[in-house]
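Below are the chains, spelled out letter by letter.
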Amino acid sequence: MMDIMVTRAESAAITRRALLDAAAELLDLGGPEAVTLREVGARAGVSRGAPYRHFTGKDSLRTDPALAASE
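Engineer: Could you clarify how one ought to interpret the overall build of the protein chain in this entry?
Structural biologist: Each helix and strand counted, the protein chain has five helices and zero strands in total. Shown N-terminal to C-terminal, the secondary structure of the protein chain runs as helices and strands in the order α-α-α-α-α. With respect to the principal axes defined by its C-alpha atoms, the protein chain has extents near 45 × 25 × 20 Å. The buried share of the protein chain, taken over its 71 residues, is 28%. As displayed, the protein chain offers around 5000 Å² of accessible surface, 56% of which is attributable to carbon and sulfur atoms. Of the charged side chains in the protein chain, 9 are positive and 10 negative, and the gap between their average positions amounts to 7 Å.

Here you go:
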């Protein structure tokens, strides 16, 4: 079986996409109040620090163009 190598950039992009998907789900379920970096990270299944490495805060996550496009 052939191992597939994933670069750091690819891994970061996958994590960011998972965070945005989780944020969109939380937004649909509970509105803006439900979207916290901690909840987004938990729903995405990533480390507690991952959301903070990709977004400066809750507002930067909610205003991300990719999240806005999913609404």
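Engineer: Sorry if this is basic, but what is going on with helix 2 (residues 37–44) here?
Structural biologist: Helical periodicity: at 3.6 residues per turn, an α-helix aligns residues three or four positions apart in one direction. All of the buried residues in helix 2 are Leu37, Val40 and Gly41. On an axial view of helix 2, the arc spanned by its buried residues comes to 95°, and they lie on one face. Away from its buried face, by an angle of more than 90 degrees, helix 2 presents the exposed residues Arg38 and Ala42. Looking at the buried side of helix 2, the elements it contacts are helix 1 (8–30), helix 3 (50–54) and helix 4 (58–62). Once helix 2 finishes, Gly45 follows within two positions and takes phi at roughly 75°, a positive value.

Engineer: Teacher, can you tell me more about the environment of His54 here?
Structural biologist: If you trace the backbone, His54 turns up in helix 3. Those residues within four positions of His54 in sequence are excluded, and the remaining contacts are Ala12, Thr15, Arg16 and Leu19.

Engineer: Where do I start with the packing of helix 1 against helix 2 in this structure?
Structural biologist: Where helix 1 contacts helix 2, the two axes come as close as 8 Å, and the packing angle between them is 115°. One way to sum up the angle between helix 1 and helix 2 is to call them roughly perpendicular. Considering how the two elements wind past one another, helix 1 and helix 2 form a crossing that is right-handed. Contact residues: helix 1 offers Ala18, Leu19, Ala22, Ala23, Glu25, Leu26 and Leu29, while helix 2 offers Glu39, Val40, Gly41, Arg43 and Ala44. Broken down by class, the residue content of the contact of helix 1 with helix 2 amounts to eight nonpolar, one polar and three charged.

Cut-off values and rules
- Per-chain numbering applies: the sequence of each chain, read as written, is numbered from 1 onward.
- Totals for whole chains, interfaces and linings use every residue, but because this is a predicted model, local features are given only for residues with pLDDT of at least 70 and side-chain atom pairs only at 80 or more, for both listing and counting.
- Neither water nor hydrogens contribute to the side-chain values; these are computed over all heavy atoms in the structure.
- Numbering goes from the N terminus for both helices and strands, where a helix is a DSSP run of H or I of at least four residues and a strand is a run of E of at least two.
- The cut-offs for exposure are 20% and 50% of the maximum accessible area for each residue type, with area from a 1.4 Å probe on protein chains only; residues under the lower value are buried, those over the upper are exposed, and the others partly exposed.
- Residue burial considers only the protein chains on display, and all accessible areas are found by Shrake-Rupley using a 1.4 Å probe.
- When charges are tallied, Lys and Arg are placed among the positive residues and Asp and Glu among the negative ones, while His and the ends of the chain are skipped.
- Just so you know, the charge point we use is NZ for Lys, CZ for Arg, CG for Asp and CD for Glu.
- Within this analysis, the arc is defined by the directions that extend from the helix axis to the C-beta atoms.
- Two residues qualify as a contact provided that any one of their heavy atoms is within 4.5 Å of a heavy atom in the partner residue.
- Think of each axis as a best-fit line through the C-alpha atoms, taken over the contacting stretch in the case of a helix, with angles from 0 to 180 degrees between the N-to-C directions.
- In what follows, roughly perpendicular refers to angles from 65 to 115 degrees, roughly parallel to angles under 35, roughly antiparallel to angles over 145, and oblique to any angle outside these ranges.
- The crossing is said to be left-handed when, going from far helix to near helix, the turn is anticlockwise and less than a right angle, and right-handed when the turn is clockwise.
- Amino acid classes used here: Ala, Val, Leu, Ile, Met, Phe, Trp, Tyr, Cys and Pro are nonpolar; Asp, Glu, Lys and Arg are charged; the rest, including Gly, are polar.

Nothing here speaks to function; it is geometry throughout.
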